[in-house]
Structure formats: C-alpha cells, structure tokens
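# An overview of the molecular structure
So the chains spell out like this:
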Amino acid sequence: ADDIRLMKVFLAQAWKGVSLNLLAYRKPTHVYYSDSCPFGLGGYSTAGHAWRFQIPSDLRFRASNNLLEHIAAIITPWIDIIRTDIQAGDCCLSMTDSSTSEGWARKTNFS
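A brief structural summary. (Residues numbered from 1 in each chain as written. Predicted model: local features only at pLDDT ≥ 70, side-chain atom pairs only at ≥ 80, totals over all residues. Heavy atoms only, no water.)

### Here we look at the overall build of the protein chain
Note the cut-off: Put simply, DSSP marks the helices as runs of H or I at least four residues long and the strands as runs of E at least two long, and each gets a number from the N terminus on. Here the globule rule is a power law, 2.2 Å times the number of residues to the power 0.38, and the radius of gyration is based on C-alpha atoms. Any residue under 20% of the maximum accessible area for its type is buried, any over 50% is exposed, and the rest in between are partly exposed; the area is computed with a 1.4 Å probe on protein chains only. Any pair of residues with heavy atoms lying within 4.5 Å of one another is described as a contacting pair.
Secondary structure assignment for the protein chain yields three helices and four strands. Ordered by position from the N terminus, the helices and strands of the protein chain form the series α-β-β-β-α-β-α. Relative to the 2.2 N^0.38 estimate, which gives 13 Å for 111 residues, the radius of gyration of the protein chain is 18 Å and therefore markedly larger than a compact globule would have. Viewed in the frame of its principal axes, the protein chain has a C-alpha envelope of about 55 × 35 × 25 Å. Looking at the 111 residues of the protein chain, the share that counts as buried comes to 21%. Intrachain contacts of the protein chain at a sequence separation of at least 6 include 62% that bridge at least 24 residues.

Printed below as a string of structure tokens:
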C-alpha cells in the first residue's frame, strides 16, 4: 500500500514535468558572495545589493563560524527573493569561503 502511494506521488510529479535545468550546466543569472567572522556577517550580489550585520558583543563566539557562514550564504540571495528580483527559472549561485557551508547547501534542493 505504501509503494502504491509513493508511485502515485512520483507519477503526479512526472505529469507536471521535470525541469532539465537541474541536469544541465547553466550560467548563473544571479551571483552572491558572503562571509562572516565572530564579530559579524554580510554579503553582496553582483547586481549591487549589499548587507552586513554586526553581532552584539554579548553574543559573540556563541555560534560556530561555519553556522554564521551558512546563515550569511542564505540571507544574501534571500534579499533578492524578498525584493522579487528572482523569477522562476533563474539560476542562482551563492558563494562562500566555507566548505562546510557549501556542503550543507549542496545537500538541500529547494526546487
């Protein structure tokens, strides 16, 4: 019974169509850079949008830098999402100097 339900889910998604954009290389339409340190985090886009956040002194060193890097890598494109600058089908690349954060991002797919 569980197999039939799972098969119905797969078939329903196949009926809607599968985007080949996840399979083929595409040049990013939006590129983002972010970084962090124990004192703050920030980022910018190649479109010219930038942000920064200074961590209050009583909260410094309470989170790992890997976590701060990951938060910054999420917030940076999020700004364009809020501004509705990202449309369906756009290809976004959010870059960080943290291989841990990059690994966490690769394990997620919000399609």
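### Description of the packing of aromatic side chains
Cut-off, in case you're wondering: For Phe, Tyr and Trp, where Trp contributes only its six-membered ring, two rings pair if their centres lie within 6.5 Å, and the inter-plane angle classes them as stacked under 30 degrees, edge-to-face over 60, or tilted in between.
A complete count under the given rule lists two aromatic pairs for this structure. Ring plane angle 25 degrees and centroid distance 5.2 Å describe the contact between Tyr-33 and Tyr-44, whose orientation is recorded as stacked. On the criterion of sequence distance, the pair formed by Tyr-33 in strand 1 (residues 30-37) and Tyr-44 in strand 2 (residues 40-45) is long-range, its members being eleven residues apart. Tyr-44 sits in the partly exposed class, given a relative accessible area of 44%. Here the aromatic rings of Phe-39 and Phe-61 are separated by 5.8 Å at their centres, their planes lie at 85 degrees, and the arrangement is edge-to-face. Here Phe-61 lies in the loop between strand 3 (50-54) and helix 2 (65-82) and Phe-39 lies in the loop between strand 1 and strand 2, a separation of 22 residues in the sequence.

### Overview of the side chain of Ser-34
Checked against the element boundaries, Ser-34 lands in strand 1. The exposure class assigned to Ser-34 is buried, which follows from its relative accessible area of 9%. Beyond its immediate stretch of four places on either side in the chain, Ser-34 contacts Gly-42, Gly-43, Glu-69, Ala-72, Ala-73, Thr-76, Met-95, Thr-96 and Asp-97.

### Brief notes about the sheet that holds strand 1
As a general point, the strands of a sheet are linked pairwise by backbone hydrogen bonds and lie either parallel or antiparallel. Going by this rule: One requirement defines pairing of two strands: DSSP has to find at least two bridges between them. Between N-to-C directions, angles cover 0 to 180 degrees, with each direction set by a line fitted to C-alpha atoms, over the stretch in contact for helices.
Taking strand neighbours across the sheet as the criterion, the four strands line up as 3-2-1-4 in an open arrangement whose pairing is mixed. Edge strands, defined here as strands with exactly one partner in the open sheet, are strand 3 and strand 4 (92-95). Each strand axis lies, on average, 10 degrees off the axis of its neighbour in the sheet, ignoring direction. Most of the contacts of helix 2 go to strand 1, to which it runs at about 145 degrees, and overall it touches strand 1, strand 2, strand 3 and strand 4.

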